[in-house]
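Inside the fold
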Protein chains: 2
Amino acid sequence: MRIAVIGLGLIGGSIALAARERLQAQTLGWDPDPNVLEIALTRGAIASRVGSLADAVAAADAVFVAAPVGSLPELISEVLAAAPADCVVSDVGSTKRAIVAAHGDERFVGGHPLAGAETAGIEHARADLFEGATWYLTPTQTTEGILYERLHRIISGLGARPAALDADTHDRLLALVSHLPHVFANVLVAMAATGSASDADRLPVVGPSFRDATRVAGANSGIWTDIYMSNRDALIPVIDEAIAHLAAVRETLDSGDAAALTSWNEAAGDDHRRLIAHQLAGGEWHELRVPVPNQPGVVAQLALELGRLGVNIADLALYPAADMTEGVVALWISGEDDASRAERLIGDLGFPVFRP
Amino acid sequence: MRIAVIGLGLIGGSIALAARERLQAQTLGWDPDPNVLEIALTRGAIASRVGSLADAVAAADAVFVAAPVGSLPELISEVLAAAPADCVVSDVGSTKRAIVAAHGDERFVGGHPLAGAETAGIEHARADLFEGATWYLTPTQTTEGILYERLHRIISGLGARPAALDADTHDRLLALVSHLPHVFANVLVAMAATGSASDADRLPVVGPSFRDATRVAGANSGIWTDIYMSNRDALIPVIDEAIAHLAAVRETLDSGDAAALTSWNEAAGDDHRRLIAHQLAGGEWHELRVPVPNQPGVVAQLALELGRLGVNIADLALYPAADMTEGVVALWISGEDDASRAERLIGDLGFPVFRP
């Protein structure tokens, strides 16, 4: 397996390290900064030096483009122009609509690992960065099934859990669970540091709740300005909703209604437990096999529909029939409940489904 | 040293454990729940069983009242009625104005350790809970100097860093650095769980920034309803300010001004680094000695004025003169800069100051 990584920062460098260590892949990489390339070589993230982006991807089975969101459309176009016909190309950008809309190529699948760290750069890359992390994939009706399966398998191999989602839902979801927490963190540090609520010359000592809530404050502008810009139409309504929530809390405080404050806080506790329980859901695995016509979009359709239902596909394999007219998709689903739901859904979609 | 703890939950139990292990204190304690008393005995937090709150404090040198904010005023009155004349009484409530206003007794000093954990209860108490934590004290002009010194010394001995602050400033500060982050956490989980920004049946997978930002969501209502209620007049303007900040971010997003987004994010990064650097400030210690008249309020005045300047008193000792008409306060200050500022301030207040 030859995997190329374009952009060798924290994420790209970690993909390359994980691909070598965990998948025994042959990794090539390219970065506009020669120092970064040098460190990637020294750290063993890439096997050898190449002269250009085109050289890095020319013989690849899979390419990951790991650059700031603003530069992704152009870089992905360059990669698609230079990559082989049977190579899957993905990216790791934090917003997906613009990128997916820009690339109708059947080899391209948008991606986004929910992993990162406070510290950027190849120096901090590590092979276990994606261990247990959700890695969103945004296939479309044009996505090639065999290439999607390869990407899914690679991402599982890196230690992550692939989850299919359409690009619109992805961007609204991320505005809520990632971009809004970043906005909140920035607001909290600005308020604490400018001291409107404290003495003029004094920075407050902050406790553990503040430190946790602001860990991502002022995150790398090289990444985050692009994220905010590319997702602003999804983030604005989410901020409006947050303002409405805060105004409601303010009213409850103003009314002095202790019972209402308790209800509000208890509901938040319930929500928190549900979110965490959902996060930790796991357990036994169930395999489903689905004979499917060998045509574009079928694998993507299954992955998207199951994703929409909240069913996580832990692993996925595609077995084309000898004559290439029909194949079998094998899906591994965590938990009997989710497996049963998946079975029903797939039946409803008109596909036969059986358990081996 | 005999230390009594009233209320043996996470905080009270940890005070008792730390007092025994680190100060070799004889600890007594009382809790309305007999099961909690039993566990406190088994875990070695308290040395023996007593029949009432009055029995626990009757011979104490110091008493900590560690109960929910709403029940503190009454409990502190009971403790002050039963405690000896030379016993210092403190509490650990998260808001201070109401409690301090209710107790003019020269033996009482309001307190608030910035420590806690997601899990409440004596079962989770531990002797190192306060290691390195800021512990606010809110002395007033009536506070007895010798008793204040004893409390300061005990709190340092528990591993914490005492910091003096007037009760008003404390409550405004905590609304900003603790209560607002809790409100934000509750808003985030409510939005993520009710799914207005995601598909109806689906709970989103959440990444590390969301998990950190919501760790305190739905914190124990038995504590937090009291906190919100007792501090609502300080918290409401802070929420208004947060809404104004969010509205400004929304406008910047709406304008599509990437440079303005970058400036905003970079400023947050600078604020974050300043807050963290301030938090980690430390290094060498400098001792200052201040001869002071032995009268109520002097030690509290010094502590408050230095606190106002942002100078942290790492340790403090009071050496009364033989005739009790005058004494010497020894202060240990971290860092030459802060020590020099403290020296100037104390001189400006009209006290002689020298370095031993």
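Residues numbered from 1 in each chain as written. Chains lettered and ligands numbered in written order. Predicted model: local features only at pLDDT ≥ 70, side-chain atom pairs only at ≥ 80, totals over all residues.

Paired through backbone hydrogen bonds, the strands of a sheet run either parallel or antiparallel to each other. Residue and element names in this part refer to chain A. Strand order in the open sheet formed by 7 strands is β2-β1-β3-β4-β5-β6-β7, with mixed pairing between adjacent strands. Of all strands in the sheet, those with a lone pairing partner are β2 (26–30) and β7 (161–164), marking the two edges. When strand polarity is set aside, the average angle formed by the axes of neighbouring strands in this sheet is 25°. Pairing of strand β6 (residues 134–138) with β7 involves 4 bridges; the strand directions are parallel. Paired with Trp-135 across the strands is Pro-162, a residue of β7. Those strands touched by helix α6 (residues 145–157) are β3 (62–65), β4 (88–91), β5 (108–113), β6 and β7, and its axis lies near 50° from that of β4. (Pairing = 2+ DSSP bridges. Helix = DSSP H or I, 4+ residues; strand = E, 2+ residues; numbered from the N terminus. Axes fitted to C-alpha atoms, helices over the stretch in contact; angles between N-to-C directions. Contact = placed C-beta atoms within 7 Å.)

Attention shifts here to helix α9 (residues 221–230) of chain A. Extensive coverage of α9 of chain A is indicated by the burial of 7 of its 10 residues. For α9 of chain A, every residue scored as buried is listed here: Ile-223, Trp-224, Thr-225, Asp-226, Ile-227, Tyr-228 and Ser-230 of chain A. (Buried ≥ 20, exposed ≤ 12 C-beta atoms within 10 Å, placed from the backbone.)

A few words on the interface of chain A and chain B. When the parts come together, some accessible area is lost, and that loss is often what is quoted as the size of the interface. On the side of chain B, 85 residues touch chain A, which itself brings 85 residues to the contact. Contributing elements (two or more residues each) for the side of chain A that touches chain B: α7 (167–194), α8 (208–213), α9, α10 (232–255) and α11 (258–280) of chain A. For the side of chain A that touches chain B, the leading source of residues is α7 of chain A, giving 21 residues. Classifying every residue of the side of chain A that touches chain B by side-chain character gives 46 nonpolar, 23 polar and 16 charged. (Nonpolar A, V, L, I, M, F, W, Y, C, P; charged D, E, K, R; others polar.)

The next point concerns the relation of the copies chain A and chain B. By a simple turn and slide, chain A fits onto chain B: the slide is 0.0 Å along the axis, the RMSD is 0.1 Å, and the turn is 180°. Considering both components of the superposition, the chain copies are consistent with a two-fold axis. Judged by C-alpha distance, Ala-213 of chain A is the residue of chain A that lies nearest the rotation axis, at 2.1 Å. A shared interface surface links the copies, since 99% of the contact residues of chain A are contact residues in chain B too. (Least-squares fit on C-alpha atoms with pLDDT ≥ 70 in both.)

A few words on the confidence of the model for chain A. Per-residue pLDDT for chain A has a mean of 87; in total, 90% of the residues score no lower than 70. When the criterion is pLDDT under 50, residues 196–201 of chain A qualifies, and its contacts beyond four places in sequence or with other chains add up to 17 contacts. (pLDDT = per-residue confidence, 0-100.)

Here we come to the sheet that holds strand β2 (residues 26–30) of chain B. Residue and element names in this part refer to chain B. Ordered by their spatial adjacency, 7 strands build an open sheet running β2-β1-β3-β4-β5-β6-β7, and the pairing between neighbours is mixed. Looking along the sheet, the strands with just one partner apiece sit at the ends: β2 and β7 (161–164). Going across the sheet, the axis of each strand differs from the next one's by a mean of 25°, ignoring polarity. In the sheet, strand β5 (residues 108–113) pairs with strand β6 (residues 134–138) via 4 bridges, with the strands oriented antiparallel. Each residue of the ladder has a partner; that of Gly-110, found in β6, is Thr-138.

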